[in-house]
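Close look at the chain arrangement
Below, each chain spelled out in residue letters.
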Number of protein chains: 2
Amino acid sequence: MPGFTDLHIHAPQWPQAGLALDRPLQEWLNTYTFPLEAKFKDLAYAEKVYRNLISELLANGTTTGLFFGSVDTDANLVLAKICAQLGQRAFIGKVAMDNPEQTPDFYRDNSSKEALDETKRFIEEVLKLQKTNSADITPVITPRFVPSCTDETLDGLGKLAAKYDLPVQTHCSESIWEDQYAIERFHKRDAQVLEQFGLLTDKTVLAHGTQLTDGDLELLRNKQTALAHCPISNVYFGNNVMRVKDAHDKNVKVGLGTDISGGFSPSIYRNMQQAIMSSQTLQDETNQNTRLTAANVFYLATVGGALALHLKTGRIKASFKADLQIVQDQYYELSSNHPQEIFERLIYHTNKENIKQVYVSGKLVHDNMGENNGK
Amino acid sequence: MPGFTDLHIHAPQWPQAGLALDRPLQEWLNTYTFPLEAKFKDLAYAEKVYRNLISELLANGTTTGLFFGSVDTDANLVLAKICAQLGQRAFIGKVAMDNPEQTPDFYRDNSSKEALDETKRFIEEVLKLQKTNSADITPVITPRFVPSCTDETLDGLGKLAAKYDLPVQTHCSESIWEDQYAIERFHKRDAQVLEQFGLLTDKTVLAHGTQLTDGDLELLRNKQTALAHCPISNVYFGNNVMRVKDAHDKNVKVGLGTDISGGFSPSIYRNMQQAIMSSQTLQDETNQNTRLTAANVFYLATVGGALALHLKTGRIKASFKADLQIVQDQYYELSSNHPQEIFERLIYHTNKENIKQVYVSGKLVHDNMGENNGK
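Notes on the structure follow. None of the values given here were measured: they were computed from a predicted structure. (Residues numbered from 1 in each chain as written. Chains lettered and ligands numbered in written order. Predicted model: local features only at pLDDT ≥ 70, side-chain atom pairs only at ≥ 80, totals over all residues. Heavy atoms only, no water.)

**Concerning the overall build of chain A**
Along chain A, the regular secondary structure elements total 14 helices and 13 strands. Against the globule reference of 21 Å for 375 residues, chain A gives a C-alpha radius of gyration of 20 Å, in line with a compact fold. By its C-alpha atoms, chain A is 60 × 50 × 40 Å across when sized along the principal axes. Going through the 375 residues of chain A one by one, you find that 64% of them count as buried. At a minimum sequence separation of 6, the contacts of chain A that also span at least 24 residues come to 73%. Taken as a whole, chain A presents about 13300 Å² of accessible surface, with 50% of it coming from carbon and sulfur. Where the 38 positive side-chain charges of chain A centre and where its 46 negative ones centre are 6 Å apart. (Helix = DSSP H or I, 4+ residues; strand = E, 2+ residues; numbered from the N terminus. Rg over C-alpha atoms; globule rule 2.2 N^0.38 Å. Buried < 20%, exposed > 50% of the residue type's maximum accessible area, 1.4 Å probe, protein only. Contact = heavy atoms within 4.5 Å. Areas by Shrake-Rupley, 256 points an atom, 1.4 Å probe, with all protein chains shown as cover. Lys, Arg positive; Asp, Glu negative; His and termini not counted. Charge placed at Lys NZ, Arg CZ, Asp CG, Glu CD.)

The structure is reproduced here in structure tokens:
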């Protein structure tokens, strides 16, 4: 099968995946998440965690990842180097967050100037890394989300995105709180604020969007901005289910994200399953046309993710990159094995252990054939 | 950790786990499920499927299972023998379904007499099996659900449950349709119909209960009847989330079930995760006290299941049976490893591959230590 694209990963949150998910969002962020991200100033810790995370993503069939790093540029460069070493195609952003009203004093950019200078330094260093070892790593403009940033930083990041012609990633309308925050501070919708600062482009990926209105979706369609649907995370923090079918029908690009660690699982398979299940619950509440099939969510995980990042991946086809996963159908002998049955079984039953090999651009990046054939 | 109890498994549906879940319930039953269950007349097929299923359940840490078989007694005896051979503690029922209005002509008991005679034959054969090789297998009175059975069969099954002092399992108020069916046919609630026929005892386990009223819960409490919460299945077919906290607060016994194959996963871990997530969505709709923690769902999977079946399992404690699973915390080196963190990681991240050994009554029934230590 094609490898998967994960459009939303907070790399430094990996050590807490699955922890404290029964706490309210503000407590989860302030007590657990921000102190954890702050630890990545320790580059040895960053090295240990990022090596484990990238190995795990590759082992789960994720060939392309779009990553939020932490505030610290050097830790983000560690992540970039590990992706290059292990062969993960990666889009990585230094997180910008400088608004003292919405960030803790132990974990923020100390000024708008620092946020922008460090973003620029990260971009330049990654562009160097690209040249030196032909790594497939792209820097990404990454305001954490509107509340975390001052106007100056949002404005400066929009200008950097234009100057370097780079992708942008941020959160948008993830929760009722975030949706309302934008209206109170800017008297605009969250997506309109991003547009105002030049952060809503055809290379932008917005995580979540559970609260998006029809007007928001029209704006995204016009800007050709993509959405990262993170179905597991949204159950905990989204206050709603993202309307994937609506967005797709309105020609908005949509892919899938794990949202490590708002979502606990590093597996896009798990998120495909949850996307189906969440769409099912949406159906009961509003209308009969929300339900996603196994084929629909497979599209999101492959073609959808590739379109969001302007990649020729996600299909097994001439002229496309050879991003592949070799997957074992563990229950092959039990049933009649029509292609549709095999397909649905792979979507619903594939765990890490059934993914035998993973290739990025034709290069073998994960191999667990040996363990099971006695080699 | 203690082994898990799975309170609701349709053994013959295992080959279709994860298939056709985007179809409406009636199509799913008539086009896929009933023809599949009918195939188990072929005992060689039964042998192949049941051996695969029981190995899979043990590998996932399920030490006790409560099983619906199929209509065919001999195929159910194959299941009983395989459970005995592989060391699965099992409660198994021959499915009774003889109402021609609600069952297909190719798959039903041909009369009430046949349903009751075959149930009796199954009971007697399993009681013999218990004596001959001290297998921990218990026969269970199993009307498929109220709509599938004639009054004569419901009445006769109630009498058999009393005569042999056996557990009872069936579905109850799983969907809006089932809930309404009982009212139309009997002018009573689904649970009250079961009570009327002597099928609501302190040894009864009712699957689903997504539509239960406060009055129903009070009836179950008075009868000391248990509920099998099947959170994955309910997303597809339940039309609602079962009110686990309400039931527990009202002193109704509750455990967990995979509902293979209304639920696609054979893993109780997956169902614990979904129970947490489903409880989270219930919270948004009704009140603030529905949310289940990791500790809550672990209780359901261990102590809750054991209480439902009157077993001394589910705890690691003197005088309790040694039903155990040895589980590897695969991310131990990444975090601070407070006991609560280790516990939540195990609940959220354990796959089959991390379950190293499983014991039932002190006997090793699953071992994958060898594969990973080079033996």
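Once the structure has been displayed, the description carries forward.
**What about the sheet that holds strand S1 (residues 4–10) of chain A?**
Hydrogen bonding along the main chain pairs the strands of a sheet, whether they run parallel or antiparallel. Residue and element names in this part refer to chain A. Strand order in the open sheet made by the 4 strands is S1-S2-S3-S5, with parallel pairing throughout. Lying at the two open borders of the sheet, with one neighbouring strand each, are S1 and strand S5 (137–139). The mean inter-strand angle of the sheet, taken between neighbouring strand axes irrespective of direction, is 15°. Pairing between S1 and strand S2 (residues 62–68): 5 bridges, direction parallel. Of the residues in S2, the one forming a bridge with Phe4 is Thr62. On the sheet, helix H3 (residues 73–86) packs against S2, strand S3 (89–93) and S5 and is oriented at approximately 175° with respect to S3. (Pairing = 2+ DSSP bridges. Axes fitted to C-alpha atoms, helices over the stretch in contact; angles between N-to-C directions.)

**Comments concerning the packing of aromatic side chains**
The tally for this structure, following the rule as stated, stands at 28 aromatic pairs over all chains. Measuring from centroid to centroid gives 4.9 Å for Phe4(A) and Tyr269(A), while their planes differ by 70°, and the two rings are edge-to-face. Of this pair, Phe4(A) sits in strand S1 while Tyr269(A) sits in helix H11 (residues 268–285), placing them 265 residues apart in sequence. Note on accessibility: Phe4(A) and Tyr269(A) belong to one class, buried. Centroid distance Tyr331(A) to Trp14(B): 4.8 Å. Interplanar angle 70°. Geometry classified as edge-to-face. (Phe/Tyr/Trp six-rings, centres within 6.5 Å; stacked < 30°, edge-to-face > 60°.)

**Some details on the interface of chain A and chain B**
Facing the 46 residues of chain A at the interface are 46 residues of chain B. At the boundary of chain A with chain B, the tally comes to 2 salt bridges. Here Glu353(A) and Lys352(B) are joined by a salt bridge, their closest N and O atoms 3.9 Å apart. When residues of the side of chain A that touches chain B are traced back to their parent elements, those giving at least two are helix H2 (43–59), helix H9 (231–237), H11, helix H13 (339–349) and helix H14 (369–372) of chain A. For the side of chain A that touches chain B, the class distribution of residues is 18 nonpolar, 13 polar and 15 charged. (Salt bridge = Lys/Arg side-chain N within 4 Å of Asp/Glu carboxyl O. Nonpolar A, V, L, I, M, F, W, Y, C, P; charged D, E, K, R; others polar.)

**A look at the side chain of Ser261(B)**
Position of Ser261(B) among the secondary structure elements: in the loop between strand S10 (253–256) and helix H11 (268–285). With residues up to four places along the chain from it excluded, the contact list for Ser261(B) reads Gln13(B), Gln16(B), Ala17(B), Leu21(B) and Trp28(B).

**Notes on unusual backbone geometry**
Residues and elements named next belong to chain A. Backbone torsion omega between Ile260 and Ser261 reads 0°, so that peptide bond is classified as cis. Unlike most non-glycine residues, His187 shows phi in positive territory, near 55°. Although it is not a glycine, His208 sits at a positive phi angle of roughly 85°. As for its placement among the helices and strands, His208 is situated in strand S8 (residues 204–208).

**Thoughts on the pairing of strand S12 (residues 355–360) of chain B**
The two faces of a sheet get side chains in turn, since along a regular strand they alternate between them. Residues and elements named next belong to chain B. Of all 6 residues making up S12, 5 are buried, and the element is well covered by its neighbours. Pairing analysis gives 4 bridges linking strand S11 (residues 324–327) to S12, with the strands arranged antiparallel. In the sheet register, Gln325 faces S12, and the bridge partner there is Val358. Here 4 bridges tie S12 to strand S13 (residues 363–367), and the two strands are oriented antiparallel to one another. Residue Gln357 lies in a different strand from S13, and its bridge partner there is Asp367.

**Looking at the environment of Ala20(B)**
Within the element layout of this structure, Ala20(B) appears in the loop between strand S1 (4–10) and helix H1 (25–38). On the basis of relative accessibility, which here comes to 3%, the residue Ala20(B) falls in the buried class. For the pair Ala20(B) and Thr31(B), spaced 11 residues apart in sequence, the C-alpha to C-alpha distance is 9.7 Å. Apart from residues no more than four positions distant in its own chain, Ala20(B) is found in contact with Glu344(A), Trp28(B) and Tyr32(B).

**Brief notes about the packing of H3(A) against helix H4 (residues 112–133) of chain A**
Residues and elements named next belong to chain A. Where H3 meets H4, the closest approach of the two axes is 10 Å, and the angle between their N-to-C directions is 20°. The angle between the axes of H3 and H4 places the two elements in the roughly parallel class. Once H3 is placed against H4, the crossing between them reads as right-handed. Each of Thr73, Asp74, Asn76, Leu77, Ala80, Lys81 and Ala84 in H3 lies in contact with H4, whose residues at this interface are Glu118, Arg121, Phe122, Glu125, Val126, Leu129 and Asn133. (Parallel < 35°, antiparallel > 145°, perpendicular 65-115°, else oblique. Left-handed = near helix turned anticlockwise from the far one by under 90°.)

**Considering the relation of the copies chain A and chain B**
When chain A is fitted to chain B, the best match, at an RMSD of 0.0 Å, comes from turning it 180° and sliding it 0.0 Å along the axis. The operation mapping one copy onto its partner corresponds to a two-fold rotation axis. Both copies share a contact surface, since 100% of the interface residues of chain A are interface residues in chain B too. (Least-squares fit on C-alpha atoms with pLDDT ≥ 70 in both.)

**Considerations on the packing of H4(A) against helix H5 (residues 151–164) of chain A**
Residue and element names in this part refer to chain A. Two numbers describe how H4 lies on H5: the axes approach to 9 Å, and their chain directions differ by 20°. Of the possible angle classes, the one that applies to H4 and H5 is roughly parallel. H4 and H5 meet at a crossing whose hand is right-handed. Here Ser112, Ala115, Leu116, Thr119, Lys120, Ile123, Glu124 and Leu127 of H4 come into contact with H5, specifically with Glu152, Thr153, Gly156, Leu157, Leu160, Lys163 and Tyr164.

**Quick notes on the environment of Asp323(B)**
All names here are of chain B. Its place among the elements puts Asp323 in the loop between helix H12 (294–308) and S11. Through-space distance from the C-alpha of Asp323 to that of Ile141 is 25 Å; in sequence the pair is 182 residues apart. Once you skip the residues sitting within four places of it in the chain, Asp323 turns out to touch Met1, Pro2, Gly3, Thr63, Thr64, Arg89, Thr313, Tyr359, Val360 and Ser361.

By themselves, these are just geometric observations and shouldn't be taken as functional.
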